[in-house]
Amino acid sequence: MAGPRQVICMKWGTLYGPEYVNRLYAMVRRQIKGELRFVCLTDDAVGVRPEVECLPCPTVDVRADLKNTPWRKMALWETSDKLFGLTGDWLFLDLDVVVTGPLDELFEYQPEKTFIVMQNWTQPGQGIGNTSVFRFRVGANRYLLDKLLPNFEEYFRKYIIEQIYICREINEVTFWPDEWCILFKVQCVPAWPLRFWKTPELPATARVVAFPGDPGPLDAITGQWPVKSAWKKLYKHTEPVPWVEDYWLRAEEHIKPA
């Protein structure tokens, strides 16, 4: 592949601090050979590592109460001239994923495809992706915005979640090999009741572990699964997970400073 590997993330608001960007960069840098271009689209670049190229975080013209939800990711489907001149294929990663294995193959897998995404393992086999991890080609599927923006309320009522909209309305969905991108609470946490005494395991083939919703990486490290319902406490549980601490919390220890 000519040129650097291109990785992008988004950070807006106060939910995630700069340490999430820095850890993500460190994990990616550890798992990619050769040159890397790492971009963070953000409204606050304070504290972000100098190796990360920070650009303004774009918005999409949707209902005000949804502007800072995952629907904001739809800004990535803009054309190059409206996306700061970015071109080519980019690997998007959510800030709370844990990178655990080599990433180069995610750039080389089916290079002709303009959209590749991980399975949504909470709805397996339904053709829905989880946009915690996806590769996209800038401008290749701009029609997704052309359809969405004039008719947002209609599509929102129909799909509710942006990743469902994308996978139902895009011309073609391609998924990564199942073993590459996984969910912590599906593939790592042991089945009930083993999860109450057995530590979650990392499959050897996993490249990226996603943490949508709860628990997050820090919860996994400390053995917490935030729930408000007493009923859910009977089955939502994780023991402390040392490998998340090594790959995620201590990520910057594994790379050289700029």
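Right above here is the structure, for reference.
What this report covers is the structure whose coordinates are included nearby. Since this is a predicted model, take the numbers as computed values, not measurements.

### As for the packing of aromatic side chains
Here is step 1: Under the defined criterion, the tally for this structure stands at 22 aromatic pairs.
Here is step 2: Aromatic pair Phe184 and Phe211: ring centres 4.8 Å apart, planes at 20°, arrangement stacked. Here Phe211 lies in the loop between strand S10 (208-210) and helix H7 (217-222) and Phe184 lies in helix H6 (residues 184-188), a separation of 27 residues in the sequence. Here Phe184 matches Phe211 in class, with each residue buried.
Here is step 3: Here a set of aromatic residues connected by ring pairs shows up, and it is made of Trp71, Phe152, Tyr155, Phe156, Tyr159 and Tyr165.

### Brief notes about the packing of helix H4 (residues 152-159) against helix H5 (residues 162-169)
Here is step 1: The contact between H4 and H5 brings their axes to 9 Å, and the two run at 100°. Considering their axes alone, H4 and H5 lie roughly perpendicular with respect to each other. The residues of H5 that touch H4, namely those facing Tyr155, Lys158 and Tyr159, are Ile164, Tyr165, Arg168 and Glu169.
Here is step 2: Along the lines of polarity and charge, the residues of the contact of H4 with H5 split into 4 nonpolar, no polar and 3 charged.

### Considering the sheet that holds strand S8 (residues 174-175)
Here is step 1: Pairing is mixed in the open sheet, where 7 strands are placed in the order S3-S2-S1-S4-S7-S6-S8. Every interior strand has two partners, whereas the edge strands, strand S3 (53-56) and S8, have only one.
Here is step 2: Across 7 bridges, strand S1 (residues 5-11) lies against strand S2 (residues 36-42) in parallel orientation. Residue pairing in the sheet places Val7 in a bridge with Phe38 of S2.
Here is step 3: Contacting S1, S2 and strand S4 (89-93), helix H1 (residues 18-31) runs over the sheet at an angle of about 160° to S2.
Here is step 4: Across the face of the sheet, H5 comes into contact with strand S6 (115-119) and strand S7 (129-137) while running at roughly 50° to S7.

Thresholds applied
- Residues numbered from 1 in each chain as written.
- Predicted model: local features only at pLDDT ≥ 70, side-chain atom pairs only at ≥ 80, totals over all residues.
- Heavy atoms only, no water.
- Phe/Tyr/Trp six-rings, centres within 6.5 Å; stacked < 30°, edge-to-face > 60°.
- Helix = DSSP H or I, 4+ residues; strand = E, 2+ residues; numbered from the N terminus.
- Buried < 20%, exposed > 50% of the residue type's maximum accessible area, 1.4 Å probe, protein only.
- Axes fitted to C-alpha atoms, helices over the stretch in contact; angles between N-to-C directions.
- Parallel < 35°, antiparallel > 145°, perpendicular 65-115°, else oblique.
- Contact = heavy atoms within 4.5 Å.
- Nonpolar A, V, L, I, M, F, W, Y, C, P; charged D, E, K, R; others polar.
- Pairing = 2+ DSSP bridges.

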